[in-house]
Amino acid sequence: MSQRSPHDVVVIGAGVVGAACAYYASLAGLSVAVVDRGPVAGGTTGAGEGNLLVSDKEPGPELDLALLSAGLWRELAGELGEQTEYEPKGGLVVASDEAGLDALRAFAAHQGTAGVESVEIPGARLHELEPHLAPGLAGGFHYPQDAQVQPALAAAHLLRAARVAGAEVYLGEAVTAVRTGPDGAILGVTTDRRRIDTPAVVNAAGTWGGEVAGLAGVPLPVLPRRGFVLVTEPLPRIVRHKVYAADYVADVASGSAALQTSAVVEGTPAGPVLIGASRERVGFDRTLSVEVLRRLAAQAAQLFPVLADVSVQRAYRGFRPYLPDHLPAIGADPRVPGLYHACGHEGAGIGLAPATGLLISRQLTGKQPELDLTPFRADRFAAS
Ligand SMILES: Cc1cc2nc3c(=O)[nH]c(=O)nc-3n(C[C@H](O)[C@H](O)[C@H](O)COP(=O)(O)OP(=O)(O)OC[C@H]3O[C@@H](n4cnc5c(N)ncnc54)[C@H](O)[C@@H]3O)c2cc1C
């Protein structure tokens, strides 16, 4: 087993969140090592969609994070290049009846107080934005700050940029121990190939963040929340925005373990239309559910009737890292000096990754973070 020279920080996880942590920490001048037991984006990042949303979040800490991230993604798009497939396409949330539209109106007005921009689109004008939408919808809201990236490419290019700034990346290497000293502070990590000494460890292990916290001796209740996505055959640009129906917001916020589906439809630069996503807590069960896929397809065809005649090429599933209050764990863990968490982002980790990485780098370098990290503290679950 080889011994590595010390690093300022070791990031566990090469998903989009770990990549963003490595990127901002490297740019801040820290010596960074990233360790992942698999490839880049081999976890949930490679199994999600790439929506960067403010439209589905109510005012509060997660929306603050999303708004900070939305600005950072815009900057990153310039810095990382076109390969991340960043598209500032905007979101369109639609309501089928007046009651649904009233609810959207109230939600959008509330979001406006927190800095979310939205414009009401009357039913008669929806087709100017989305020519293939179903007829007869009551109306909707356009959210210009919503955007999209290709998550695996985004993670890979963030890591590439981190490497250019000096980061070292160890793939195919599982962290098997997090070492602490007699005072409980972090001393380093042990992988199945080497020991890396460091005074700081960032737990960016996504859905496995609870296991990594456990290696450091502290509990963190991260659970998997399964989701399926349908991928159609490549099509011309028939869906221009990220489009979803009003009930999606309630599904996202629900804490129920039961199945929820509400189609979110989006085109991609490569041509296929992505239809996501279901939500259910069934552990790490990888069984393909025809029932879930059928429901998603039917809901998508309700929004865009033209999709009823389109072939589905494939379906994939992933496991969102779920914490019981739907907020991620971000920042220093007061229980273990030198341990930082950046995990548990559930269905929003692609969107929230840059803000998470920036805030972690601020703490690592002793600078004031842009946001108050109290709501994201990992020990908030300790009493339950
Ligand atoms: C169907 C679906 C759709 C989604 N759609 C969206 C969306 O549109 N927008 C959005 O923002 N989010 C979306 N998400 C959520 C998003 O994909 C996740 O929040 C995000 O990918 C989490 O990234 P991460 O880097 O925290 O975790 P991961 O990508 O899972 O990375 C964690 C990494 O840690 C590694 N690891 C774990 N344990 C160890 C260990 N002991 N040693 C070494 N390495 C270890 C794993 O191998 C893994 O690579 C979706 C998720 C799903 C399932």
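Here the structure is shown first, and the text comes after it.
Remember, it's a predicted structure, so these values are computed and weren't measured experimentally.

Caption draft 1: Main features of the packing of helix H2 (residues 61–80) against helix H9 (residues 349–364). Running from N to C, H2 and H9 cross one another at 90 degrees; their axes reach a closest spacing of 7 Å. With respect to H9, the axis of H2 lies roughly perpendicular. Residue-level inspection shows Glu62, Leu65, Ala66, Leu68, Ser69, Leu72, Trp73 and Leu76 of H2 in contact with H9, the latter providing Ile350, Gly351, Leu352, Ala353, Pro354, Ala355, Leu358 and Leu359. Looking at side-chain class alone, the contact of H2 with H9 contains 13 nonpolar, two polar and one charged residues.

Caption draft 2: The arrangement of the sheet that holds strand S7 (residues 139–143) in detail. The eight strands are arranged S6-S7-S5-S15-S16-S17-S14-S18 in an open sheet whose pairing can be described as mixed. Two strands bound the open sheet, and with one partner strand each, they are strand S6 (119–122) and strand S18 (312–322). Ignoring strand direction, the axes of neighbouring strands in this sheet form an average angle of 25 degrees. Summarising the sheet, strand S14 (residues 223–232) and strand S17 (residues 273–279) pair through two bridges and their orientation is antiparallel. Counterpart to leucine 230 in the pairing with S17 is isoleucine 275. Those strands touched by helix H3 (residues 98–112) are strand S5 (91–95), S6 and S7, and its axis lies near 25 degrees from that of S7.

Caption draft 3: How the structure looks around the site of the ligand. In the region of the ligand, 35 residues are neighbours, and Asp36, Thr45, Asn51, Glu346 and Gly351 sit closest. Within the backbone of valine 17, a nitrogen or oxygen atom sits 3.1 Å from an oxygen atom of the ligand. At 2.5 Å, a side-chain N or O of threonine 45 approaches an oxygen atom of the ligand. If one sorts the elements of the shell around the ligand by residue count, S18 sits on top with four residues.

Parameters and conventions
- Residues numbered from 1 in each chain as written.
- Predicted model: local features only at pLDDT ≥ 70, side-chain atom pairs only at ≥ 80, totals over all residues.
- Heavy atoms only, no water.
- Axes fitted to C-alpha atoms, helices over the stretch in contact; angles between N-to-C directions.
- Helix = DSSP H or I, 4+ residues; strand = E, 2+ residues; numbered from the N terminus.
- Parallel < 35°, antiparallel > 145°, perpendicular 65-115°, else oblique.
- Contact = heavy atoms within 4.5 Å.
- Nonpolar A, V, L, I, M, F, W, Y, C, P; charged D, E, K, R; others polar.
- Pairing = 2+ DSSP bridges.
- Near = heavy atom within 4 Å.
- Polar contact = N/O pair within 3.5 Å; in protein donor to acceptor, adjacent residues only side chain to side chain.

These results come straight from atomic positions and should not be treated as a statement about function.
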